[in-house]
Amino acid sequence: MIGRPMPKPAFKEEDHEIWRQGLVFTLLGCITIWMSSFTMAAIVGGANLYLHAVAAAQLSFFLLLLKGGPSRRNFTELVFLVSCVLTLACIMVNNQKLIESGNTAYLFEGYKLFSLLVALIAVQSWKMGAALIGACAVLPIAQYLSWPSSWREQMPAEPSLTICYVIVSAGAYYYQIKNLKTARKLLQTEFAAIELKRYARAMLSARDLSNTPLQTLKTTLELLKHDPEHFDIHIARLERVADRLDQLNEIFKKYEPLDELSIESLSSLETLQEETEAWAQTQENKELTAKQNITLRKSKTLGFISFFQGFR
Amino acid sequence: MDSIFLLDDDLDLAQAMSQLIEILKKIHCFYALSFAQMEQQSAAVLLSSLCILDINLGMGKPSGIDAYNWLRQKDFKGKIVFFTGHASDHPLVKKVAKLENVQILSKPLDIAALNRIIDDRQTNA
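These figures come from a predicted structure and were not determined experimentally.

1. Details of the overall build of chain B
What chain B contains, in helices and strands, is seven helices and five strands. Along chain B, helices (α) and strands (β) appear in the sequence β-α-β-α-α-β-α-β-α-β-α-α when read from the amino end. A burial count over chain B gives 50% of its 125 residues as buried. Within chain B, residue pairs in contact and separated by at least 24 positions form 67% of the contacts whose partners lie at least 6 positions apart. For chain B, the accessible area works out to roughly 5,900 Å², and carbon and sulfur atoms hold 50% of it.

2. Some thoughts on the pairing of strand β2 (residues 28-32) of chain B
In this sheet, β2 of chain B lies alongside strand β1 (residues 3-7) of chain B in parallel orientation, the contact comprising five bridges. Looking across to β2 of chain B, one finds that Leu7 of chain B is bridged to Ala32 of chain B.

3. Section: the side chain of His86 of chain B
As for its placement among the helices and strands, His86 of chain B is situated in the loop between β4 (79-84) and α5 (91-97). There is a polar contact of 2.9 Å between the side chain of His86 of chain B and the side chain of Asn56 of chain B. Residues within four places of His86 of chain B in sequence aside, it is in contact with Arg207 and Asp208 of chain A together with Asn56 and Val93 of chain B.

4. With respect to the sheet that holds strand β5 (residues 103-106) of chain B
Residues and elements named next belong to chain B. Overall, parallel pairing links the five strands, which are arranged β2-β1-β3-β4-β5 in an open sheet. What marks the edges here is a single partner per strand, and that holds for β2 and β5. Taken over all neighbouring pairs, the strand axes of this sheet differ in orientation by 25 degrees on average, direction set aside. Where β1 lies against strand β3 (residues 50-54), four bridges are found, and the strand directions are parallel. From the neighbouring strand, Ile4 faces β3, where its bridge partner is Leu50. Here helix α1 (residues 11-25) sits on the sheet and contacts β1, β2 and β4; the angle it forms with β2, its principal contact strand, is near 170 degrees.

5. Some points on the nonpolar core
Considering soluble globular proteins, one finds that nonpolar side chains tend to be buried as a cluster. Formed by 33 residues in total, the largest nonpolar core has its most connected members in Phe80, Leu88, Leu107, Phe114, Val118 and Leu132 of chain A. Listed by contribution, the elements that provide at least two residues to this core are α1 (13-43), α2 (49-68), α3 (73-100), α4 (109-121), α5 (126-146) and α7 (160-226) of chain A. Contact partners of Phe114 of chain A, with chain neighbours within four places excluded, come to Phe25, Cys84, Thr87, Leu88, Ile91, Leu132 and Cys136 of chain A. Counting residues in each nonpolar core, the second largest holds 22 residues, with Leu7, Met38, Cys51 and Ile80 of chain B among its members.

6. Focus on the confidence of the model for chain A
Residue and element names in this part refer to chain A. Counting all residues, the mean pLDDT for chain A is 78, and 77% of those residues have values of 70 or more. Ignoring residues within four places in sequence, the model shows residues 1-10, a span with pLDDT below 50, making 17 contacts including any to other chains. This model gives residues 260-267 a pLDDT under 50, and the stretch forms five contacts once residues within four places in sequence are excluded.

7. What to know about the packing of α7 of chain A against α1 of chain B
Angle between the axes and distance between the axes: these two values describe a pair of packed helices. Viewed as axis vectors pointing N to C, α7 of chain A and α1 of chain B meet at an angle of 35 degrees, and their least axial separation amounts to 9 Å. For α7 of chain A against α1 of chain B, the interelement crossing comes out left-handed. Together, Thr212, Gln215, Thr216, Thr219, Thr220, Glu222, Leu223 and His226 of chain A of α7 of chain A and Asp12, Leu13, Ala16, Met17, Gln19, Leu20, Ile23 and Leu24 of chain B of α1 of chain B make up the contact between the two elements. Among the residues making up the contact of α7 of chain A with α1 of chain B, the classes are represented as seven nonpolar, seven polar and two charged.

8. Here we look at α7 of chain A
Every α-helix winds through 3.6 residues per turn, so residues three or four apart in the chain are directed the same way. Spanning 67 residues, α7 of chain A covers 98 Å between terminal C-alpha atoms, matching the ideal 99 Å at 1.5 Å per step. The sharpest bend along α7 of chain A comes to roughly 30 degrees, located at Asn211 of chain A, with the proline Pro213 of chain A sitting one to four residues further on.

9. Notes on unusual backbone geometry
Put simply, Lys107 of chain B and Pro108 of chain B share a cis peptide bond, and its omega is -5 degrees. Inspection of the secondary structure puts Pro108 of chain B in the loop between β5 and α6 (111-119). The backbone of Phe108 of chain A sits at a positive phi, close to 65 degrees, despite the residue not being glycine. Relative to the helices and strands, Phe108 of chain A is located in the loop between α3 and α4. Given the relative accessible area of 0%, Phe108 of chain A is considered buried. One non-glycine residue, Lys26 of chain B, adopts positive backbone phi at about 55 degrees. With respect to the element layout, Lys26 of chain B can be found in the loop between α1 and β2. For Lys26 of chain B, a relative accessible area of 69% translates into the label exposed.

Conventions we followed
- Residues numbered from 1 in each chain as written.
- Chains lettered and ligands numbered in written order.
- Predicted model: local features only at pLDDT ≥ 70, side-chain atom pairs only at ≥ 80, totals over all residues.
- Heavy atoms only, no water.
- Helix = DSSP H or I, 4+ residues; strand = E, 2+ residues; numbered from the N terminus.
- Buried < 20%, exposed > 50% of the residue type's maximum accessible area, 1.4 Å probe, protein only.
- Contact = heavy atoms within 4.5 Å.
- Areas by Shrake-Rupley, 256 points an atom, 1.4 Å probe, with all protein chains shown as cover.
- Pairing = 2+ DSSP bridges.
- Polar contact = N/O pair within 3.5 Å; in protein donor to acceptor, adjacent residues only side chain to side chain.
- Axes fitted to C-alpha atoms, helices over the stretch in contact; angles between N-to-C directions.
- Core = buried A, V, L, I, M, F, W, Y, C linked by side-chain atoms within 4.5 Å.
- pLDDT = per-residue confidence, 0-100.
- Left-handed = near helix turned anticlockwise from the far one by under 90°.
- Nonpolar A, V, L, I, M, F, W, Y, C, P; charged D, E, K, R; others polar.
- Expected span 1.5 Å × (residues − 1).
- Bend = angle between axes of the 7 residues up to and from the residue.

The following block contains the structure:
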């Protein structure tokens, strides 16, 4: 049986990943900022209404993204960017309040966590990811330099410690992005293999369906040679065979070709041969792809283990 | 009287092949379009020297394998060959390939090859 044309996905996998990352980021932002309002109240005092307001904004961003779905990529990216800017602004204000109250124990912690979060979530747009991690290095330096030397003396490890975290985050982020690219490539190969398999199935079905009419055609042609007295009967049979082959052609008209293939190329025998050879090659590569997948998973796991061990 | 039996669910093919065999080989050739029709002609079928069985007789219907098993149960003495338009990876073709002493012919079959099968029916039966 010929497979039905595969429905085109309503959104790309990449859009879905960006949307998921936006959801995770805004939700985590909401929780951590809301919790930090209590920490700040305990350390510095005051109501810290700005933290409650930003936490509420993050929650509304989360709900907006959830409602919008993965298909609105530009909107997702904009919301994600606004969420990040608000979070960084909160971190800046918190640090200012901490240093003003003379508390240096938790200074710049927000930047460290934020840069690690960007790396671990593996922000899809590497430019945005790099800019966010870069901001986690630039902002503490700028804040540090803006403070009087009496304040600076209270924190001898900063801002170098934060910069250290940012460098590690940048490394982890690079590693994550590279892994993602490899995984995406493998996924594309698998998708191509599935598509080829479907075409191969369609071709086999076409062969199955056309073989009986072809046999009838061959036999009837032979009958025309040896039994010309029943010419009309044989011709009527040939017409029925032609009708059946026409029906087969109608079925194939419904079978949409891939976007990148033209109708012209599909009709050529050379392309058909190329495709069948490619399919055979894909079958051979399948085992190799499976092995690569396992290696990738292993390297990812080992990478994460070594990454976290580095923080001990 | 020597005869050849053909089982195929396609009426045009069954008619054309049986006519051709009769004309070319001067042997009586008869056909059935389903396993049920084959059973109805059981006496004639069991007396034939060659049974050509189409493997796939339609979705959900008894297949050529059922016909083969029936022939074996009835202690059929002639030769059995299978006939199919499916590729070798089709589940029914795979099943047939596991059977002993059977030949699978692929559609479309050359008339010369069909002649050979008919000529060899006595030697390999």
